[in-house]
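Descriptive structure summary
For reference, the chains in residue letters:
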Amino acid sequence: MGTLDTLTNGVLTKTVQVNPTTAGDQATPVVVGVAGKKIRIFAIASTTNIGGTNFYLRNGAGGTPVTENFYRSITGSYIAAYFSRVGYQGIWLYETEVGKSLILNCTTASAQVSISLTYSFV
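In short, a report on the structure. Everything quoted here is computed from the prediction, not taken from an experiment.

Basis of the calculations
- Residues numbered from 1 in each chain as written.
- Predicted model: local features only at pLDDT ≥ 70, side-chain atom pairs only at ≥ 80, totals over all residues.
- Heavy atoms only, no water.
- Helix = DSSP H or I, 4+ residues; strand = E, 2+ residues; numbered from the N terminus.
- Buried < 20%, exposed > 50% of the residue type's maximum accessible area, 1.4 Å probe, protein only.
- Contact = heavy atoms within 4.5 Å.
- Areas by Shrake-Rupley, 256 points an atom, 1.4 Å probe, with all protein chains shown as cover.
- Salt bridge = Lys/Arg side-chain N within 4 Å of Asp/Glu carboxyl O.
- Core = buried A, V, L, I, M, F, W, Y, C linked by side-chain atoms within 4.5 Å.
- Polar contact = N/O pair within 3.5 Å; in protein donor to acceptor, adjacent residues only side chain to side chain.

1. Some words on the overall build of the protein chain
Tallying secondary structure elements over the protein chain gives zero helices and nine strands in all. Burial analysis of the protein chain (122 residues in total) assigns 39% to the buried set. Considering only residue pairs separated by 6 or more positions, the protein chain has 76% of its internal contacts joining residues 24 or more positions apart. Carbon and sulfur atoms form 54% of the exposed surface of the protein chain, whose accessible area is close to 6200 Å².

2. Quick look at the pattern of salt bridges
This structure, assessed with the given rule, holds three salt bridges. For Asp-25, the salt bridge is made with Arg-58, and the minimal N-O distance between the two is 2.9 Å. You can see Asp-25 sitting in strand β3 (residues 24-25) and its partner Arg-58 sitting in strand β5 (residues 55-59), a full 33 residues away along the chain. Judged by its relative accessible area of 24%, Asp-25 is partly exposed. Across the pair Lys-38 and Glu-95 runs a salt bridge whose closest N-O atoms are separated by 3.2 Å. Of this pair, Lys-38 sits in the loop between β3 and β4 (39-48) while Glu-95 is found in strand β7 (residues 94-95), placing the two residues 57 residues apart along the sequence. Taken together, the salt bridges that share partners define one network made up of Lys-38, Arg-40 and Glu-95.

3. Overview of the nonpolar core
Ranked by size, the top nonpolar core spans 20 residues in total, and within it Ile-41, Ile-44, Leu-57, Leu-102, Leu-104 and Leu-117 carry the most contacts. Elements with a minimum of two residues in this core: β2 (11-18), β4, β5, β8 (102-106) and β9 (113-121). Of the residues forming this core, the biggest block, four residues, is contributed by β9.

4. A look at the side chain of Asn-105
Within the element layout of this structure, Asn-105 appears in strand β8. Looking at Asn-105, the relative accessible area reads 11%, which means it is buried. Of note is the side chain of Asn-105, whose polar atom sits 2.8 Å from the side chain of Asp-25. Sequence-distant contacts of Asn-105, defined by excluding residues within four places in its chain, comprise Gly-24, Asp-25, Asn-54, Phe-55, Tyr-56 and Arg-58.

5. So, the environment of Val-31
Mapped onto the elements, Val-31 comes out in the loop between β3 and β4. For Val-31 and Ile-103, which are 72 residues apart along the polypeptide, the C-alpha to C-alpha distance reads 7.4 Å. The residues touching Val-31, leaving out its near neighbours within four places in the chain, are Lys-14, Ile-39, Ser-101, Leu-102, Leu-117, Tyr-119 and Phe-121.

Fair warning: the whole summary comes from geometry, so function is off the table for now.
This is the structure:
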């Protein structure tokens with residue numbers, strides 16, 4: 001898994017490429033949780049290299065879903081979801097439970113999934 005984290009005005013951006021080794025929860029978190037904090041997602045974009053791979057993000061391994069299921073019917077298709085707001089204050093798309101890591105859950109083990117996030121710890 002390759003990552004890039006950037007901090008700008010208290011908001012983090014991260015791009016992660018995951019090569020799932022198994023269907024279901026992936027072992028390495030997309031974002032590692034912090035004790036006493038939630039992960040608040042302001043923007044998310046994703047691509048996959050295999051059509052038919054569905055995925056979502058959840059609260060820790062085996063936890064409740066944070067996002068809806070992203071359905072990928074076409075190889076290389078792209079999904080973007082975001083709110084455009086200065087400083088990303090007061091509005092967000094998704095939020096984890098306190099202290100939970102953000103985990104990727106995939107339906108296919110052989111896919112490659114790329115996720116870009118704009119998030120903060122609150």
